[in-house]
There are 2 protein chains.
Amino acid sequence: MNTVEQMRLFMEPASIAIVGVTREAGKDTWNILGNLLNYGFQGKMYPVNPAAEEILGIKTYPSLKAIPDKPDLVVIATPRLTAVDLVKECVDKGIKAIIVVAQGFADSDGEGKKMQSDLVRIAADGGARVIGPNTFGVSNAFRNLCTAFPPFKLERTPIGLICQTGLFFVGLSRFHYGKICDLGNSCDVDVTDALQYFENDPDIKVINVHSEGIQQGKKFLKVAKQVARKKPVIALKTARSEYAAMAAQSHSGSLTGKDEVYGAMFKQHGIIRVDDIEELEEVSLAFLRLPPMQGQNLAIMSWAGSTGVMAVDACQKYGLKVPKLSSSAQNRIRKLSLPDWAPVSNPLDIFACVGLRGFQPQNLKKDIQTMLETLLAEDGSQGVLVVIPDFLKAFSSELWDLSANVRQAADTFKDKPIAFAIPGAQGELYTKMDKIDKIVTYPSCERAIRALAKLHEYTEFLNRPD
Amino acid sequence: MNTVEQMRLFMEPASIAIVGVTREAGKDTWNILGNLLNYGFQGKMYPVNPAAEEILGIKTYPSLKAIPDKPDLVVIATPRLTAVDLVKECVDKGIKAIIVVAQGFADSDGEGKKMQSDLVRIAADGGARVIGPNTFGVSNAFRNLCTAFPPFKLERTPIGLICQTGLFFVGLSRFHYGKICDLGNSCDVDVTDALQYFENDPDIKVINVHSEGIQQGKKFLKVAKQVARKKPVIALKTARSEYAAMAAQSHSGSLTGKDEVYGAMFKQHGIIRVDDIEELEEVSLAFLRLPPMQGQNLAIMSWAGSTGVMAVDACQKYGLKVPKLSSSAQNRIRKLSLPDWAPVSNPLDIFACVGLRGFQPQNLKKDIQTMLETLLAEDGSQGVLVVIPDFLKAFSSELWDLSANVRQAADTFKDKPIAFAIPGAQGELYTKMDKIDKIVTYPSCERAIRALAKLHEYTEFLNRPD
């Protein structure tokens, strides 16, 4: 069985045995079987509990041995002291995929460390692979599957995650992961195995990695680079400082290395590194929705001069450039309802075209669309940022709902990324713009430009000969 | 008239004349008079429009001269070419406070630059002060006053803002400014004048400054330091790069200086510098709600080990320290419902006390409160961060609503700042925690720690002998 076939037993099992299913059901009972039933999991389920013959209408077995089948996956959801024996039982039964949920292994005391190495050895001898310990296990919304004991929302987002924490099962602020492989202590199945699973997975377009320390670095980098040629791999590598690395070791037993080394190696192998969860989310959205950014030059239009300045500051910070506007673009914009004294440059301050008296509401949206298309048509820029505050409360929706115009511009210029930034209060305009799936809308210039810069970094990697 | 008395004419006028009031009223008409009536402004209003005898039921005058009174403040809301003559009329009438709204002065062409210097000279000769041009003017929720032409929400938040952009009138994501002085091109009234107004303003507890370039730097630094001794001054200085400085000059005519010089001078004079609007907002909330942070040591408790690690990374980034937990604290925490193998350290991973089987829901909230109070009682730490995901969807509210416990802990330890971080999806728990006005809740560890680090920076300034 190759790694991908093996990983499919975890991520797409046709049958699951769950050891340690409680007879209690409902809120706060952490009943994994109950969760699977609620998600609508279509595979076979074999709860194991010596004190019950049936739980939630599903026939229950006193032991793994008693199950008249060889389930693809066994989830061991009992306290740590039982885990080694249960892994042995799995191996005896010929099970090839085991998730060990409990904490208290390499993440704790000497006894825990010993139990972890014991169970790894027993599994390896028996030809089984282990995810965990110290994990919620896996989640696959495309199969209505999640092995975490709290109930979480499943959403078929084409973003897959490999992580070392249950935190991500709760979802991010703008999406839930379509698939999660929570490695926990990563005692056996590691980030490289999981990457290989996602490499050719048609459900997943963007891969996220959260890791505190990566085992078998060389193998990882080789595989990651190969995967990155096919789809973006975005990595949040934490435990950056020595002290954080110690903390990481105490909760997940990970090995960690010098932070700068990670940074340099990631970049060289096409792995996009991000600094925190919000950036992970925002950069992922850019990759999911936007076309590649084929150069570092950004054309900016901004409702206010001040936010144009902030955008230029952010370009400097994140390594994008703000080129001069071509004279043909200047001429085209000059023909719109701008006063003749208004400066026309990059960043383009559009307030003068809408501000003060003499402004023509009926032309507003069309003029903004023309400006946007003019910037998109610029040969010297490879992406466009539009900065606009959420003025829908102050103005009427008919006047400021730019959705149709922006959709039209995005359809015409499919090959250039468009990002919107809505700094300050976010309301109706933000919601409307966020619904346009060909662009990405961010709550600040800085976040938009940070994401575009990563898009550009990845495009450069793809364009680089191997 | 001293600066503060002068500034009160702008910020707390008993009477306002508005030149350029349209007869149209309602949505999108940008009728400043209409806005003032809607806000419930209690002062006298004198609309000026030669084509109307009455607008919105308010007697209207054909010219400034015709007004049978000397208003405290005149708002000139007509196109740029009329401004110089109108300033002259103001001066002739003995007006001392003038807001010039229009764009097209130092922010535009040669003619605009000349008009700006003309009106500055005329005002100075007549003993009048000018805010603008290129401004929404002022906003004072405590007086139901806002001179911006779009209608904005007013909210009596004790945070005052001095800025160079109308953007902030739309509000930030977590509050609206209680008072705003939008300096626009800052041709006369400058950030130093506005700071002096806020210095002893009882309505305002925290001062925000958005500036692209500061005139009369020495005077500013002297005044800012004096003000900073009384209340925090948080500055977003943009136009950091040379190119951004050029862009700033083109839209507001500001002079700008070397960015590093600003950074060093700000720090030395107790001005808290922030990098973007979100940080401005988040740091302001910390200052508004939290007690001083008397040292750089932070005690951290985290629902997951992974977020504890992220918090430690962020402490390293922002200059806070994560000290070891005292043995008395360790002992106190050991007595709670933790398994005996669970590591007890800083950051404190609380998942083991709630996770997996054997967990006692009835003790959960009390145990978390005890842990929080134990960390608050640590002599070696001067603040506490709690990292917790928004699990209220996965668990029942009764189990996870920590509000009462956190309030109690915050009441007992009034002298130490407490911040919450809720990474990932934010829902009911975030909303509940955000309502506790003695703490601040942030959507990530990084943002929480960034704000606490600024709180500590300011506390150090206050503790430093002058």
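Definitions and limits used
- Residues numbered from 1 in each chain as written.
- Chains lettered and ligands numbered in written order.
- Predicted model: local features only at pLDDT ≥ 70, side-chain atom pairs only at ≥ 80, totals over all residues.
- Heavy atoms only, no water.
- Helix = DSSP H or I, 4+ residues; strand = E, 2+ residues; numbered from the N terminus.
- Buried < 20%, exposed > 50% of the residue type's maximum accessible area, 1.4 Å probe, protein only.
- Contact = heavy atoms within 4.5 Å.
- Areas by Shrake-Rupley, 256 points an atom, 1.4 Å probe, with all protein chains shown as cover.
- Lys, Arg positive; Asp, Glu negative; His and termini not counted.
- Charge placed at Lys NZ, Arg CZ, Asp CG, Glu CD.
- Salt bridge = Lys/Arg side-chain N within 4 Å of Asp/Glu carboxyl O.
- Least-squares fit on C-alpha atoms with pLDDT ≥ 70 in both.
- Buried area = accessible area lost by both parts, 1.4 Å probe.
- Nonpolar A, V, L, I, M, F, W, Y, C, P; charged D, E, K, R; others polar.
- Phe/Tyr/Trp six-rings, centres within 6.5 Å; stacked < 30°, edge-to-face > 60°.
- Lys NZ or Arg CZ within 6 Å of the ring centre and 35° of its normal.
- Polar contact = N/O pair within 3.5 Å; in protein donor to acceptor, adjacent residues only side chain to side chain.
- Pairing = 2+ DSSP bridges.
- Axes fitted to C-alpha atoms, helices over the stretch in contact; angles between N-to-C directions.
- Parallel < 35°, antiparallel > 145°, perpendicular 65-115°, else oblique.
- Left-handed = near helix turned anticlockwise from the far one by under 90°.
- pLDDT = per-residue confidence, 0-100.
- Expected span 1.5 Å × (residues − 1).

Quick notes on the overall build of chain A
Part 1 of the argument: Each helix and strand in chain A was counted, giving 17 helices and 19 strands.
Part 2 of the argument: Looking at the 466 residues of chain A, the share that counts as buried comes to 65%.
Part 3 of the argument: Taking as baseline every contact in chain A between residues at least 6 positions apart, the subset at least 24 positions apart corresponds to 73%.
Part 4 of the argument: Counting every atom, chain A has about 16,700 Å² of accessible surface; 50% of that belongs to carbon and sulfur.
Part 5 of the argument: Distance between charge centres in chain A, computed from 54 positive and 53 negative side chains, equals 3 Å.

Here we look at the pattern of salt bridges
Part 1 of the argument: Under the defined criterion, the tally for this structure stands at 57 salt bridges over all chains.
Part 2 of the argument: Among the ionic pairs, Lys88(A) bridges to Asp92(A), the shortest N-O distance being 3.2 Å. Separated by 4 residues within a single helix, Lys88(A) and Asp92(A) lie in helix α3 (residues 83-93), roughly one turn from each other.
Part 3 of the argument: Of the residues examined, Asp92(A) reaches a relative accessible area of 56% and is grouped as exposed.
Part 4 of the argument: Residue Arg174(B) pairs with Asp434(B) through a salt bridge whose shortest N-O separation is 2.6 Å. With Arg174(B) in the loop between β10 (159-163) and β11 (179-182) and Asp434(B) in helix α16 (residues 428-434), this residue pair connects regions lying 260 residues apart in the sequence.
Part 5 of the argument: Judged by relative accessible area, which is 22%, Arg174(B) ranks as partly exposed.
Part 6 of the argument: Where salt bridges share partners, they join Glu278(A), Glu282(A), Arg447(A), Arg450(A), Glu278(B), Glu282(B), Arg447(B) and Arg450(B) into one cluster.

Considerations on the relation of the copies chain B and chain A
Each of the two chain copies goes to the other by way of a rotation about an axis and a shift along it.
Part 1 of the argument: In the superposition of chain B on chain A (RMSD 0.0 Å, axial shift 0.0 Å), the rotation amounts to 180°. Here the symmetry operator amounts to a two-fold rotation axis.
Part 2 of the argument: Comparing contact sets, 100% of the residues at the interface of chain B also lie at the interface in chain A, consistent with an isologous, same-surface contact.

Regarding the interface of chain B and chain A
Part 1 of the argument: Facing 84 residues of chain B, the contacting portion of chain A comprises 84 residues.
Part 2 of the argument: The contact between chain B and chain A buries some 6,700 Å² in all, and 65% of this surface belongs to carbon and sulfur atoms.
Part 3 of the argument: At the boundary of chain B and chain A, one finds 2 salt bridges.
Part 4 of the argument: Mapped onto the side of chain B that touches chain A, the elements with two or more residues apiece are α7 (242-252), α9 (277-289), α10 (305-318), α12 (351-354) and α17 (445-463) of chain B.
Part 5 of the argument: Here the residues of the side of chain B that touches chain A sort into 43 nonpolar, 23 polar and 18 charged.

Observations regarding the packing of aromatic side chains
Residues and elements named next belong to chain A.
Part 1 of the argument: Here the structure, examined in full by the defined rule, presents 26 aromatic pairs over all chains.
Part 2 of the argument: Pairing Phe 168 with Tyr 177 gives two aromatic rings, centres 6.1 Å apart and planes at 80°, and the pair type is edge-to-face. With respect to class, Phe 168 is no different from Tyr 177; both count as buried.
Part 3 of the argument: Taken together, Trp 30, Phe 136, Phe 149, Phe 152 and Phe 169 form an aromatic cluster joined through their ring pairs.
Part 4 of the argument: Against the face of Phe 461 rests Arg 229, its NZ or CZ located 4.3 Å from the ring centre.

With respect to helix α1 (residues 3-11) of chain A
Part 1 of the argument: Buried residues of α1(A): Gln6(A), Met7(A), Leu9(A), Phe10(A) and Met11(A), and no others.
Part 2 of the argument: The N-capping residue of α1(A), defined by a side-chain oxygen 3.1 Å from the backbone nitrogen of Val4(A), is Asn2(A).

So, the sheet that holds strand β12 (residues 206-211) of chain A
Pairing between the strands of a sheet comes from backbone hydrogen bonds, and it takes one of two forms, parallel or antiparallel.
Residue and element names in this part refer to chain A.
Part 1 of the argument: The mixed open sheet is built from 7 strands, whose spatial order is β9-β8-β11-β10-β12-β13-β14. The open sheet has two edge strands with one neighbour each: β9 (145-146) and β14 (272-274).
Part 2 of the argument: Strand direction decides the pairing type here: strand β10 (residues 159-163) and β12, joined by 4 bridges, are parallel. Bridge pairing in β12 links Ile 159 to Val 206.
Part 3 of the argument: Contacts between helix α8 (residues 259-268) and the sheet are confined to β13 (233-237) and β14, with β14 contributing the most and set at about 140° to the helix.

Describing the sheet that holds strand β1 (residues 15-19) of chain A
Residue and element names in this part refer to chain A.
Part 1 of the argument: An order of β2-β1-β5-β6-β7 is seen for the 5 strands of this open sheet, with the pairing classed as parallel. Here the strands that pair on one side only, and so sit at the sheet edges, are β2 (44-48) and β7 (129-131). In this sheet, neighbouring strand axes are inclined to one another by 20° on average, regardless of whether the strands run parallel or antiparallel.
Part 2 of the argument: Inspection of the sheet shows β1 paired to β2 by 5 bridges, in the parallel sense. Bridge assignment links Ile 16 to a residue of β2, and that residue is Met 45.

Some points on the environment of Gln369(A)
Residue and element names in this part refer to chain A.
Part 1 of the argument: Among the structural elements, Gln 369 can be located in helix α13 (residues 361-377).
Part 2 of the argument: Judged by its relative accessible area of 10%, Gln 369 falls in the buried class.
Part 3 of the argument: Taking the C-alpha atoms as reference points, Gln 369 and Gly 424, 55 residues apart in sequence, are found 23 Å from one another.
Part 4 of the argument: The residues contacting Gln 369, other than those within four sequence positions of it, are Asn 405 and Gln 408.

Some details on the packing of α9(B) against α17(B)
Residues and elements named next belong to chain B.
Part 1 of the argument: Relative orientation of the contacting elements α9 and α17 amounts to 60°, with a least axis distance of 9 Å. As far as their axial angle goes, α17 and α9 are oblique. The handedness of the crossing between α9 and α17 comes out as right-handed. Touching Glu 278, Glu 279, Glu 282, Val 283, Ala 286 and Phe 287 of α9 are Arg 447, Arg 450, Ala 451, Lys 454, Leu 455 and Tyr 458, all from α17.
Part 2 of the argument: A per-class count over the contact of α9 with α17 returns 6 nonpolar, no polar and 6 charged.

So, the confidence of the model for chain A
Part 1 of the argument: Confidence in the prediction for chain A averages 92 pLDDT; 95% of positions are at 70 or higher.
Part 2 of the argument: Scoring of the predicted complex yields 0.95 for pTM and 0.95 for ipTM.

A short note on helix α10 (residues 305-318) of chain A
All names here are of chain A.
Part 1 of the argument: Helix length check: α10 (14 residues) gives 20 Å between terminal C-alpha atoms against 20 Å at 1.5 Å per residue, within 8%.
Part 2 of the argument: Where burial is concerned, most of α10 is hidden: 11 out of the 14 residues are buried.
Part 3 of the argument: Listed in full, the buried residues belonging to α10 are Gly 305, Ser 306, Thr 307, Gly 308, Val 309, Met 310, Ala 311, Val 312, Asp 313, Ala 314 and Cys 315.
Part 4 of the argument: Just downstream of α10 lies Gly 319, where phi reads positive at about 85°.

Points about the environment of Glu5(A)
Part 1 of the argument: Within the secondary structure, Glu5(A) sits in helix α1.
Part 2 of the argument: For the pair formed by Glu5(A) and Ile159(A), sequence separation is 154 residues and the distance between their alpha carbons is 20 Å.

Re the environment of Val386(B)
Residue and element names in this part refer to chain B.
Part 1 of the argument: Following the sequence through the fold, Val 386 ends up in strand β17 (residues 383-387).
Part 2 of the argument: Given the relative accessible area of 3%, Val 386 is considered buried.
Part 3 of the argument: Once you skip the residues sitting within four places of it in the chain, Val 386 turns out to touch Met 301, Leu 372, Ala 419, Phe 420 and Ala 421.

Observations concerning the pairing of β11(B)
Residues and elements named next belong to chain B.
Part 1 of the argument: Side chains of β11 alternate between two faces, with Lys 179 and Cys 181 and Ile 180 and Asp 182 buried alike.
Part 2 of the argument: As defined by bridge partners, strand β8 (residues 138-140) adjoins β11 across 3 bridges and the pair is classed as antiparallel. Along β11, the bridge assignment pairs Ser 139 with Ile 180.
Part 3 of the argument: Judged from the 4 bridges that link them, β10 and β11 form a sheet pairing that is parallel. Each bridged residue has a counterpart across the sheet, and for Gly 160 the counterpart in β11 is Lys 179.

Things to note about the pairing of β12(A)
Residue and element names in this part refer to chain A.
Part 1 of the argument: A large share of β12 lies buried, amounting to 6 of its 6 residues.
Part 2 of the argument: Here β12 shows a buried face lined by Val 206, Asn 208 and His 210 and a second buried face lined by Ile 207, Val 209 and Ser 211.
Part 3 of the argument: Where β12 meets β13, 5 bridges bridge the pair, whose relative direction is parallel. Bridging across to β13, Ser 211 finds its partner in Lys 237.

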